[in-house]
2 protein chains.
Amino acid sequence: MRAALDAAAAAAAEGEVPVGAAVVFGGEIIATAANAPRGLHDPTAHAEMLAIRRAAEAIGDDRLSDCDLWVTLEPCAMCAGAIAHARIARLYYGASDPKGGAVEHGPMLFAQPTVHHRPEVYGGIGESEAAGLLRDFFLSRR
Amino acid sequence: MRAALDAAAAAAAEGEVPVGAAVVFGGEIIATAANAPRGLHDPTAHAEMLAIRRAAEAIGDDRLSDCDLWVTLEPCAMCAGAIAHARIARLYYGASDPKGGAVEHGPMLFAQPTVHHRPEVYGGIGESEAAGLLRDFFLSRR
């Protein structure tokens, strides 16, 4: 989660909503990413999406069955869907997101009967630092 | 929808599940894409995602507020989430997807109270050809 939090701080420095992610395989970080939809002109460029895409490219497979994803914020529906498609084994996330989250809020995607893969889910990891980055970012933008 | 159906047929020729998409802006097609997760080693590389990313790159903005998305299959949760993030104005799709769809099935994403954008939605456009491509593909793989 340290790598994900550092990526979140880097996103803030670029004027992006501070969310960061990392993919771990065999005890090693194989991909990290900072949220970057504005900078990349890409509405799909959430930290989780970029980290999953980089990890899949590194492994050379569209499935990350033995990989874990660490992300500083509860994933949205798009990212939760990508996590299911990628067959991520374990999801660790930091802050909860009552507005945009789709794991413990809103559509609660992994609880849907039609979801084709459910990772193990662990929330609240590094939550205070992850939430603090987001709070500071939005306060500075007012 | 003709361009999306042609992209779906191209996906099948590459051994990918035949789904195609196109983004229209100002009456012109600005991006088309064929489903390509296997070939690209990218679990996020659904036709809708690739078409949205290409359109956003073409426009130079992460929002596609005045764009319409045409896709041959009901979008999944990942793609429906991306459609909301991209602020797509109108969504036209072909075949329904009771197993993986997230528009009229499963999480019914655009009906969720927490969704931050709801496109106008029109299903069943070119449905028989879109469904036929999928049926032929899966029959040939048995």
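Scoring rules and cut-offs
- Residues numbered from 1 in each chain as written.
- Chains lettered and ligands numbered in written order.
- Predicted model: local features only at pLDDT ≥ 70, side-chain atom pairs only at ≥ 80, totals over all residues.
- Heavy atoms only, no water.
- Helix = DSSP H or I, 4+ residues; strand = E, 2+ residues; numbered from the N terminus.
- Buried < 20%, exposed > 50% of the residue type's maximum accessible area, 1.4 Å probe, protein only.
- Lys, Arg positive; Asp, Glu negative; His and termini not counted.
- Salt bridge = Lys/Arg side-chain N within 4 Å of Asp/Glu carboxyl O.
- Contact = heavy atoms within 4.5 Å.
- Buried area = accessible area lost by both parts, 1.4 Å probe.
- Polar contact = N/O pair within 3.5 Å; in protein donor to acceptor, adjacent residues only side chain to side chain.
- Phe/Tyr/Trp six-rings, centres within 6.5 Å; stacked < 30°, edge-to-face > 60°.

Draft legend 1. Spotlight on the side chain of Glu 48 of chain B. Residues and elements named next belong to chain B. Relative to the assigned elements, Glu 48 resides in helix 3 (residues 47–59). Arg 54 provides the closest opposite charge to the buried, salt-bridge-free Glu 48, at an N-O distance of 11 Å. Excluding residues within four positions of it along the chain, Glu 48 makes contact with Val 19, Ala 21, Leu 69, Val 71, Leu 73, Pro 75, Cys 76 and Cys 79.

Draft legend 2. Spotlight on the interface of chain A and chain B. Opposite the 30 residues of chain A that make contact, chain B presents 30 residues. In this assembly, chain A packs against chain B so that about 2400 Å² is buried in total across both faces, 63% of it on carbon and sulfur atoms. Ranking the residues of chain A by area buried against chain B places His 41, Pro 43 and Asp 62 of chain A at the top, with a combined share of 25%. Connecting chain A to chain B are four salt bridges. The interface formed by chain A and chain B contains four residue pairs in polar contact (both at pLDDT 80 or more). Looking at the side of chain A that touches chain B, the elements with two or more residues in it are helix 2 (37–40), helix 3 (47–59) and helix 4 (77–85) of chain A.

Draft legend 3. Just the packing of aromatic side chains, in detail. This structure, assessed with the given rule, holds six aromatic pairs over all chains. With 3.9 Å between their ring centres and 10° between their planes, Trp 70 of chain A and Tyr 92 of chain A make a pair best called stacked. One end of the pair, Trp 70 of chain A, is in strand 3 (residues 67–73); the other, Tyr 92 of chain A, is in strand 4 (residues 90–95), and 22 residues separate them in sequence. Each ring, one from Phe 137 of chain B and one from Phe 138 of chain B, has its centre 5.3 Å from the other, and the planes form 80°; the classification is edge-to-face. With relative accessibility at 8%, the residue Phe 137 of chain B sits in the buried group. For Phe 138 of chain B, a relative accessible area of 43% gives the class partly exposed. Site record: aromatic cluster; members linked through ring pairs are Trp 70, Tyr 92 and Tyr 122 of chain A.

Remember, this is a structural readout, not a statement about activity or role.
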